[in-house]
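Examination of the molecular architecture
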Amino acid sequence: MPGLLRGVARTAVVAGTATAVSNRVSRRQQGRWAAQQESQAPPTQPAPSAEPTAAPAAPDMTSKIEQLKQLGELKEQGVLTQTEFEEQKRRLLDM
């Protein structure tokens, strides 16, 4: 019986060591692949803000009218919600 127990213990040690080595190799390989993908990826640009900001308005009314038209077009296209449109319009007219 001691010979059998020794064989089972040896098998467990070998299997445990093989598992640990295999896991380490896998992690190292995944790290290399991730680094390689990062170096090949194009540079990322910052995401545009969800709320478009109105450009500083000139004091004349024609500039404000043009900006209101642009806001209306954005709302019609679905880029702006009704709430966002009203907020931008309020900001524009308060200037």
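What counts and how
Residues numbered from 1 in each chain as written. Predicted model: local features only at pLDDT ≥ 70, side-chain atom pairs only at ≥ 80, totals over all residues. Heavy atoms only, no water. Helix = DSSP H or I, 4+ residues; strand = E, 2+ residues; numbered from the N terminus. Buried < 20%, exposed > 50% of the residue type's maximum accessible area, 1.4 Å probe, protein only. Contact = heavy atoms within 4.5 Å. Areas by Shrake-Rupley, 256 points an atom, 1.4 Å probe, with all protein chains shown as cover. Salt bridge = Lys/Arg side-chain N within 4 Å of Asp/Glu carboxyl O. Patch = residues over 30% accessible without salt bridge, like charges linked within 9 Å, V, L, I, M, F, W, Y side chains within 5 Å. Lys, Arg positive; Asp, Glu negative; His and termini not counted. Charge placed at Lys NZ, Arg CZ, Asp CG, Glu CD.

1. Side note on the overall build of the protein chain
What the protein chain contains, in helices and strands, is 3 helices and 0 strands. From first element to last, N terminus to C terminus, the protein chain shows the α and β order α-α-α. Relative to its 95 residues, the protein chain shows a buried fraction of 9%. Within the protein chain, residue pairs in contact and separated by at least 24 positions form 52% of the contacts whose partners lie at least 6 positions apart. By element, 59% of the accessible surface of the protein chain is carried by carbon and sulfur atoms, the whole surface being about 8,000 Å².

2. So, the pattern of salt bridges
Any two side chains of opposite charge can pair, on the condition that their charged atoms come close. Counted according to the given criterion, the structure contains 5 salt bridges. In this structure, the salt-bridge partner of Glu 86 is Lys 89, at a minimum N-O distance of 3.7 Å. Note that Glu 86 and Lys 89 are positioned in helix H3 (residues 82-94) at a spacing of 3 residues, about one turn of the helix. Glu 86 sits in the partly exposed class, given a relative accessible area of 34%. The salt bridge involving Asp 94 is made with Arg 90; its shortest N-O contact spans 3.2 Å. Highlighted residues: Asp 94 and Arg 90, both in helix H3, separated by 4 residues, approximately one helical turn.

3. Observations regarding a positive patch on the surface
On the surface, a cluster of positive charge is made up of Arg 24, Arg 27, Arg 28 and Arg 32. Topologically, Arg 32 is positioned in helix H1 (residues 2-40). The exposure class of Arg 32 is exposed, given its relative accessible area of 57%.

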